Amino acid sequence: MNEEIKQLTELQVIDLEIALLDAEISSEEKALTKKEKAFDERQESITELKEKIEAAESQRREIEAELSDEMARIKERQSKMMQVQTNREYQSLLKEIEDAKKKIKEKEEEIVSLMETSEANSKIMAEQEGLTSDDKKILDEQSAKVKKRAASIQRKKNKIATKRNKMAKDINAAVLRKYDMLRVRRNNKAVVGVVNGVCQGCFMSIPPQHFNNILKGDRMLDCPTCQRILFHEPESSEE
């Protein structure tokens, strides 16, 4: 095997290990973020319920004030009925009183409806607050565990990265740049074997003459299809 390709395959082993560590950290952080989002959504739900309850309470007070006005109006009309001199005036006051009583009934029903809605929302809010309290404790514990785990993985990654940097210094700069570019574009696999004339990166057949040159192993050659750096990998004898 070409010496530079050998160096790159060894470097790739380390890079793949680093990628796995990054994926592990990312996976744990994503899981925590998902739980944090659910917690925040529940907090928002509680806030919305509080606002609805407060708005209903404010509306109830307004209706009660209107109700008080209507009742005062009835008393006023009832007092005037003792002083009317014509049947027309009497009937007019009587109609006003009946209309006011209808409004009072409507407002009383509206107040009852508001109170029932607020009571239902208060019950839901109490349940949500109970769940949130439990979730907060669990979330804090999980957050601490994830941070501790991430720090441990990061320390391991730093050690491997130090080894990686030392290895990279011994590789030709132009070759290393090509390798890094391919690694980014090809999901961390820049160097792959060719088994029985097939690239193990894109699984496309290598032209015969190109494959013969790869078999010689005296220079660095790319896959015509995926541009990965190739080396000959003998076909496994295992069935």
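On a predicted model such as this, the values are computed, not experimentally measured, just so you know. (Residues numbered from 1 in each chain as written. Predicted model: local features only at pLDDT ≥ 70, side-chain atom pairs only at ≥ 80, totals over all residues. Heavy atoms only, no water.)

(A) A look at the packing of helix 1 (residues 3–81) against helix 2 (residues 87–169). It is at 5 Å that the axes of helix 1 and helix 2 come closest, and there the two elements cross at 165°. In terms of their interaxial angle, helix 1 and helix 2 are classed as roughly antiparallel. Seen along the crossing, helix 1 lies across helix 2 with a hand that is left-handed. When grouped by side-chain class, the residues that make up the contact of helix 1 with helix 2 number 36 nonpolar, 12 polar and 32 charged. (Axes fitted to C-alpha atoms, helices over the stretch in contact; angles between N-to-C directions. Helix = DSSP H or I, 4+ residues; strand = E, 2+ residues; numbered from the N terminus. Parallel < 35°, antiparallel > 145°, perpendicular 65-115°, else oblique. Left-handed = near helix turned anticlockwise from the far one by under 90°. Nonpolar A, V, L, I, M, F, W, Y, C, P; charged D, E, K, R; others polar.)

(B) Up close: unusual backbone geometry. One non-glycine residue with positive phi stands out, namely Asn188, at about 70°. Along the chain, Asn188 turns up in the loop between helix 3 (173–185) and strand 1 (191–195). The residue Gln227 is not glycine, and still its phi comes out positive at about 65°.

(C) Region of the structure containing the nonpolar core. The biggest cluster of nonpolar side chains holds 13 residues, and the ones touching the most others in it are Leu8, Ile171, Leu176, Tyr179, Val191 and Ile229. If one sorts the elements of this core by residue count, helix 3 sits on top with four residues. By size, the runner-up hydrophobic cluster in this structure holds 11 residues, among which are Ile63, Leu67, Ile74 and Leu114. (Core = buried A, V, L, I, M, F, W, Y, C linked by side-chain atoms within 4.5 Å. Buried < 20%, exposed > 50% of the residue type's maximum accessible area, 1.4 Å probe, protein only.)

(D) Structural view of the pairing of strand 4 (residues 229–232). Judged from the four bridges that link them, strand 1 and strand 4 form a sheet pairing that is parallel. Directly across from Val192, in strand 4, lies its bridge partner Leu230. Relative to strand 4, strand 3 (residues 221–222) is paired through two bridges, and the arrangement is antiparallel. Residue Asp222 lies in a different strand from strand 4, and its bridge partner there is Ile229. (Pairing = 2+ DSSP bridges.)

(E) Spatial organisation of the environment of Ser79. Looking at the secondary structure, you find Ser79 in helix 1. The class of Ser79 is partly exposed, set by a relative accessible area of 44%. Ser79 sits 14 residues away from Leu93 along the chain, and the two C-alpha atoms are 9.9 Å apart.

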